[in-house]
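So the chains spell out like this:
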Amino acid sequence: LVLRLIDPATHDQALRFLADSADPHVVQTVWIAISRWTDSAETLVALMRAVAEKEKVKGKPTDFGMFGFPLALAARGHVREAWAVAQLPVLLSQFAVAGAVPIDSAAKAAHSWLGRPDGGTIFAIPIFAAAHDTAALDRAVRFVDSARQKPPAYPPIAREILSYVAVTVRAYAALARGDTVRALALFDSRPDTACFNSCALDDLVHIQLLAARHRDTEAAARLERPLLGFSGATLPVDVLRALERGRINERLRNRDLAIAGYSFVVRAWRNPDPELKPLVDEARAGLARLTTEQRKSGG
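Each value, and the rule that gives it
- Residues numbered from 1 in each chain as written.
- Predicted model: local features only at pLDDT ≥ 70, side-chain atom pairs only at ≥ 80, totals over all residues.
- Heavy atoms only, no water.
- Helix = DSSP H or I, 4+ residues; strand = E, 2+ residues; numbered from the N terminus.
- Axes fitted to C-alpha atoms, helices over the stretch in contact; angles between N-to-C directions.
- Parallel < 35°, antiparallel > 145°, perpendicular 65-115°, else oblique.
- Contact = heavy atoms within 4.5 Å.
- Nonpolar A, V, L, I, M, F, W, Y, C, P; charged D, E, K, R; others polar.
- Phe/Tyr/Trp six-rings, centres within 6.5 Å; stacked < 30°, edge-to-face > 60°.
- Buried < 20%, exposed > 50% of the residue type's maximum accessible area, 1.4 Å probe, protein only.
- Expected span 1.5 Å × (residues − 1).
- Arc of directions from axis to C-beta.

A. Local environment of the environment of Q149. The topology assignment puts Q149 in the loop between helix 10 (134–148) and helix 11 (156–176). A C-alpha to C-alpha distance of 48 Å links Q149 and D256, two positions 107 residues apart in sequence.

B. Quick peek at the packing of helix 7 (residues 89–98) against helix 9 (residues 120–130). At a minimum axis separation of 9 Å, helix 7 and helix 9 run at an interaxial angle of 5 degrees. The angle between helix 7 and helix 9 places the two elements in the roughly parallel class. Across the interface between the two elements, P89, V90, L92, S93, A96 and V97 of helix 7 pack against G120, F123, P126 and I127 of helix 9. A class-by-class count of the residues in the contact of helix 7 with helix 9 yields 8 nonpolar, 2 polar and no charged.

C. Main features of the packing of aromatic side chains. Considering all chains together, one arrives at 2 aromatic pairs under this definition. Relative to F64, the ring of W31 lies with its centre 5.3 Å away and its plane at 85 degrees, an arrangement referred to as edge-to-face. On the criterion of sequence distance, the pair formed by W31 in helix 3 (residues 24–34) and F64 in helix 5 (residues 63–75) is long-range, its members being 33 residues apart. Residue W31 shares its accessibility class with F64, and that shared class is buried. On the basis of an interplanar angle of 85 degrees and a centroid distance of 5.3 Å, the ring pair of Y172 and F187 is categorised as edge-to-face. In this pair, Y172 is assigned in helix 11 and F187 in helix 12 (residues 180–189), connecting sequence segments 15 residues apart. Taking relative accessible area as the criterion, Y172 reaches 2% and is therefore assigned buried.

D. Helix 10, seen in detail. Helix length check: helix 10 (15 residues) gives 21 Å between terminal C-alpha atoms against 21 Å at 1.5 Å per residue, within 8%. Residues of helix 10 that are buried: A136, L137, A140, V141, V144 and A147. Buried residues of helix 10 fall within an arc of 150 degrees about the axis and therefore sit on the same side. Among the structural elements, helix 8 (103–111), helix 9 and helix 11 are those in contact with the buried residues of helix 10.

Bear in mind that shape data such as this cannot, by itself, settle questions of function.
Put into structure tokens, the structure is as follows:
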């Protein structure tokens, strides 16, 4: 099926089969196989759009379609459309911080996530920081502190996550107030082994703060650490990390790592939303500089 998706002669037929007839496990296996492709045909988007449209016709949305379609869109820089069709805070928070969604609109949505039992508070916090909504962040601090005072009501893993969020929510509150020194100190102290795959955005902000304080060597080291968990496709945070990888390693004169970072941004977001195009243009310019230097040095 993957080979048929690649072949223009059988591409449409394979898509129809996957959307209309294939066993769900087969569809998901194909999805895993192509989930991180950065091909110009945007095969992943085509697959998940076909799946989502078929589910809509049948009136039977599935978790796979609700998660996989917006994720595929955002992976290729179509974040505005992804925001319009997504429902899960874990995805919406990624889309909001990418910059293609008005932050005021994102913050308005995030207010409804506070205190939700599905962990919505965790994903609302970075949005409030980006919106400089200190009142909402203060509410989030109170909610987290109150939840931590009721440990019998939560299993051990939830208590570990709350211990992590108690630090990061204060870091974001400091950032929203413009206190980058305190924010960085708190990010430095966070127990990131306790985030259980919910700290990709936090890690990116931490890296950006390190870079802003000219701690490029530390920032570069964090960028090379693998993120925990399985996302199933490229997330906006992955592309933003790649851009930071290019910027920071270019300053450190780590040419190969910088080229790898910039190249990923250009491949992943070939046709991005207009709001994301300046980031792609920056990556292209970085590639041009580095490849010119490479030719001059004979590398």
